[in-house]
Amino acid sequence: MAAMPQNSPEAVEVADAPATDRLDPSVWKIAGVALFGALLAQLDATIVNVSLSNLAAELKSSLSTIQWVTSGYLLALTLVLPLNGWLVDRIGAKALYLWCFSAFTLSSALCGLAWSAPSLIGFRVLQGISGGLLAPMTQMMIARAAGKQMVRVAGYMALPVLLAPVFGPVIAGVILQYTSWRWLFLVNLPVGVVALLLVALFLPNDRNETTRRTLDWLGLALLSPGLVMFLYGSERLDDTAGRIILAGSVAMMVSFLRTARRKGDDALIDLRLFKGKVFSTAAITQFLSNGGMFAGQMLIPAFLIQACGRTPGEMGWMLAPLGIGMMLTNPFMGVLTDRFGIRLVSAGGALLTLVATLPMLYLAAQGLNLLVLIPALLLRGMGMSGVGLPSLTAAYASVRRTRMPMATTSLNIVQRLGGPTMTTLCATFLAWKLKSFDVGHAVSSAYGWAFLILCGIHASAFLAAVQLPRRLDDVTIHE
């Protein structure tokens, strides 16, 4: 596939914003407004996740039933994700964002008015359908506005989203102590109204960029349920039905890939994007780094509780350095990328994550030592924040502006698959090792082997990241 010369009209088309050190103020306005979507969705998810036990008591339901308030939301979110590219092409980014925010705000009100656990679960599914497109839409609009300065802009814009898991439990605690549980959802209403006003005022109208592309119904019927079944089955591998569902999901996604290759432009996802070396390398990096991050989020807390005998409360503050490390480095991603380039920053972040994960092998062998754990988690957080943004920026810089909606959908699906794939790999291996060892020696040794697998994932992410272009100026656009 031939690369276009860097001075061609198509290459200049990568974004509205020029690749200069000085960004137009309108870029910050667009990014700030777009951020509302990701922030609101993340804050809402955090508030609800930490309130499930209270919701079970208030609605006189079991915890196994009420957890579908979260699971139903996540599965609905995944179900609509493949539609993102087609909808943006069809009605435009601004119109879609307005519709999503309106639906999210309305469904939040319905959740607050729920009269039972089943009604709340149903309204949360509706909320997930609308909220599923908010995060990828945010990513796409920042990429469109900032262009090759995406790392710089997104680094600052990520801070509020990273703070959501910190303030979410605090907000939930205040609501549950002083008001009704209904305000866990009704709190979204004033934020949603303000966001709708800002979207209408500040987001540029892109109606002239829409195309009347037909919907690939067969692709949708294969990919959307396939993704949902993959997420559902990967969490239930200990059950025969879960394994059957997982196998069925893989078969559906393989069938989708075959039909999408044949359909080309008419496919739900244009697989030709992955023929571009930069885009495919960035996608692999995203898959592995996201997978390693989620697998670590499963392994490390479980290790602290199961192998080290810590309480959930103690585990919570022990993990705080991880988030602090991410918040420390995110604002400087733009400066670091400008100075050292895409490859060095992304590969350096992946290598730092690997190095910071190695001490977990020591802790599994020697026992918990906070002087080892805390700096390791801090460095791990710093490393993880350095991998994603530079590789995403390279991916977006390698595609034409008109193909950004499709690129956003593709990258978000790859990211979404990375987490459960690598988490399932580590969890399955851990369970096998726990059964293999003698009781008493089982827990620490099994976690040691699982952490070794996690290190292998991060090493693979590093090997992928070193294949990224050195600098954004080296990125060419592929047809």
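Up top you'll find the structure we're talking about.
Given the structure is predicted, the values throughout are model-derived calculations rather than measurements.

What counts, and at which threshold
- Residues numbered from 1 in each chain as written.
- Predicted model: local features only at pLDDT ≥ 70, side-chain atom pairs only at ≥ 80, totals over all residues.
- Heavy atoms only, no water.
- Helix = DSSP H or I, 4+ residues; strand = E, 2+ residues; numbered from the N terminus.
- Rg over C-alpha atoms; globule rule 2.2 N^0.38 Å.
- Buried < 20%, exposed > 50% of the residue type's maximum accessible area, 1.4 Å probe, protein only.
- Contact = heavy atoms within 4.5 Å.
- Core = buried A, V, L, I, M, F, W, Y, C linked by side-chain atoms within 4.5 Å.
- Expected span 1.5 Å × (residues − 1).
- Salt bridge = Lys/Arg side-chain N within 4 Å of Asp/Glu carboxyl O.

Caption draft 1: Quick peek at the overall build of the protein chain. When its secondary structure is counted, the protein chain shows 22 helices and zero strands. What you see for the protein chain is a C-alpha radius of gyration of 22 Å, in line with the 23 Å of a compact globule of 479 residues. Dimensions along the principal axes, computed over C-alpha positions, put the protein chain at roughly 65 × 50 × 45 Å. The proportion of buried residues among the 479 residues of the protein chain is 53%. Of the contacts formed within the protein chain by residues at least 6 apart in sequence, a portion of 83% connects residues at least 24 apart.

Caption draft 2: Up close: the nonpolar core. Among the nonpolar cores identified, the biggest contains 80 residues, and Y97, M137, M141, M150, L223 and Y396 are the most heavily contacted of them. Discounting chain neighbours no more than four positions away, the residues touching M141 are I30, A34, A93, Y97 and L203. In terms of nonpolar packing, the next biggest core, distinct from the first, is built from 25 residues, L288, F303, L430 and A450 among them.

Caption draft 3: Expanded view of helix α15 (residues 277–307). Compared with the 45 Å implied by 1.5 Å per residue over 31 residues, the 42 Å span of α15 between its first and last C-alpha is a close match. Positive backbone phi, approximately 70°, marks G309, located one or two places after α15.

Caption draft 4: Inspection of unusual backbone geometry at higher detail. Phi at K60 takes a positive value of approximately 55°, unusual for a residue other than glycine. On the basis of relative accessibility, which here comes to 76%, the residue K60 falls in the exposed class.

Caption draft 5: Examining the pattern of salt bridges more closely. Counted according to the given criterion, the structure contains four salt bridges. The salt bridge partner of K263 is D216, with a shortest N-O separation of 2.6 Å. Of this pair, K263 sits in helix α14 (residues 240–263) while D216 sits in the loop between α12 (188–202) and α13 (217–234); the two residues are 47 residues apart in sequence, bridging distant segments of the chain. You can call K263 partly exposed: its relative accessible area is 30%. We classify D216 as buried; its relative accessible area is 4%. With a closest N to O distance of 3.0 Å, R403 and D270 form a salt bridge. Here the residue R403 occupies a position in the loop between α20 (370–397) and α21 (404–436), and D270 occupies one in the loop between α14 and α15, the gap between them amounting to 133 residues. With a relative accessible area of 16%, R403 lands in the buried category.

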